[in-house]
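Here is what each chain is made of, one letter per residue.
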Amino acid sequence: MAFGGAFATGQVVKNVGASDVALYRGVRGRTGHPVVQRTSKALSFAGEHAGVWLAAGLVGAAVDRDRRPEWLRATATVAGAHVASMVIKRVVRRPRPAIAGLEPTVRTAGRHSFPSSHSVSSAAAAVAFHGLLPTAVTGTAAAATCFSRLVVGVHYPSDVAAGATMGLAAGGLGRAWVRRAERPKGF
């Protein structure tokens, strides 16, 4: 029975891997338009090490003094999610896609692919900054950043999906912490 279970698990992993590559090829084959490529490269650059999200949070904290504690906690949530994703990458050590004819269009800070740290920090920011920044803006920017990682060819779809899931969870945990800062003193 254990052998059958191991075989079944191996088959699932093989099928997921094949689907991942097929989806990757599909996205890369349909997103070559110059505007899509330039936008994806810009989003990838802005999202490197959660830079755009951390900058937004720090600017918010500097400008919005009344809600500074919320801004700082939301920013710390994004930073913590990003650091956690980097640790997981170093444990999992999944190589980035290397498919002939579909070379990446950007350089990366590291060799490992799982999870997509851009997706983790972007999804975490979309949740953590809720009420501080317009949801339509953060949600759209987060989704576009996640998708950009496929367009530029540095992640498989499962890397992005896992990263977004991890980021949503981290952002949700961080929201509880941010909300504590929102409560008036004495309550």
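Report follows, based on the coordinates. Note that this is a predicted model, so its numbers are computed, not measured.

Quick look at helix 2 (residues 34-46) now. Spanning 13 residues, helix 2 covers 18 Å between terminal C-alpha atoms, matching the ideal 18 Å at 1.5 Å per step. Those residues of helix 2 lying buried are Q37, S40 and S44. Along the long axis of helix 2, the arc covered by the buried residues comes to 70°, so they all point the same way. More than 90 degrees from the buried face of helix 2, the exposed residues found are R38 and F45. Each element contacted by the buried residues of helix 2 is listed here: helix 5 (117-128) and helix 6 (135-151).

All right, on to the nonpolar core then. With 13 residues, the main nonpolar core has W53, W71, A74, V78, A125, F129 and L132 as its most contacted residues. Elements supplying a minimum of two residues to this core: helix 3 (51-63), helix 4 (68-92) and helix 5. Not counting residues up to four positions away in its chain, the partners in contact with F129 are W53, G57, W71, A74, T75, V78 and T138. V27, L150, V160 and A164 belong to the second-largest nonpolar core, a separate cluster that totals 7 residues.

At their nearest, the axes of helix 5 and helix 6 sit 9 Å apart, and the two run at 170° to each other. Between helix 5 and helix 6, the interaxial angle falls into the category roughly antiparallel. Judged by residue contacts, H118, S119, S122, A123 and A126 of helix 5 engage T138, G139, A142, T145, C146 and R149 from helix 6. Partitioning the contact of helix 5 with helix 6 into residue classes produces 4 nonpolar, 6 polar and 1 charged.

Once that is clear, we can look at unusual backbone geometry. A negative phi holds for most residues other than glycine; trans holds for most peptide bonds. Cis rather than trans, the peptide bond between F114 and P115 has omega equal to -5°. Within the secondary structure, P115 sits in the loop between helix 4 and helix 5. In this structure, H49 takes a positive phi of about 50° despite not being glycine. Within the element layout of this structure, H49 appears in the loop between helix 2 and helix 3. For A50, which is not glycine, the phi dihedral falls at a positive 65°. Exposure remark for A50: the relative accessible area of 0% places this residue in the buried category.

To continue, consider the packing of aromatic side chains. As enumerated under the stated definition, the model contains 2 aromatic pairs in all. Measuring from ring centre to ring centre gives 5.7 Å for Y24 and Y156, while their planes differ by 55°; the resulting arrangement is tilted. Within this pair, whereas Y24 is found in helix 1 (residues 2-30), its partner Y156 is found in the loop between helix 6 and helix 7 (157-182), the two being separated by 132 residues in sequence. By relative accessible area, which is 1% here, Y24 ends up buried. Exposure remark for Y156: the relative accessible area of 12% places this residue in the buried category. With a centroid separation of 5.8 Å and an interplanar angle of 45°, the aromatic rings of W71 and F129 are classed as tilted. Residue W71 is found in helix 4, and its partner F129 is found in the loop between helix 5 and helix 6; the two are separated by 58 residues along the sequence. With respect to class, W71 is no different from F129; both count as buried.

Counted by the stated rule, this structure contains 3 salt bridges. Across the salt bridge formed by D20 and R94, the nearest N and O atoms sit 3.0 Å from each other. Note that D20 is positioned in helix 1 and R94 in the loop between helix 4 and helix 5, a separation of 74 residues in sequence. The buried category is assigned to D20, whose relative accessible area is 4%. Through salt bridges with shared partners, one network takes in D20, R94 and D159.

About the criteria used
- Residues numbered from 1 in each chain as written.
- Predicted model: local features only at pLDDT ≥ 70, side-chain atom pairs only at ≥ 80, totals over all residues.
- Heavy atoms only, no water.
- Helix = DSSP H or I, 4+ residues; strand = E, 2+ residues; numbered from the N terminus.
- Expected span 1.5 Å × (residues − 1).
- Buried < 20%, exposed > 50% of the residue type's maximum accessible area, 1.4 Å probe, protein only.
- Arc of directions from axis to C-beta.
- Contact = heavy atoms within 4.5 Å.
- Core = buried A, V, L, I, M, F, W, Y, C linked by side-chain atoms within 4.5 Å.
- Axes fitted to C-alpha atoms, helices over the stretch in contact; angles between N-to-C directions.
- Parallel < 35°, antiparallel > 145°, perpendicular 65-115°, else oblique.
- Nonpolar A, V, L, I, M, F, W, Y, C, P; charged D, E, K, R; others polar.
- Phe/Tyr/Trp six-rings, centres within 6.5 Å; stacked < 30°, edge-to-face > 60°.
- Salt bridge = Lys/Arg side-chain N within 4 Å of Asp/Glu carboxyl O.

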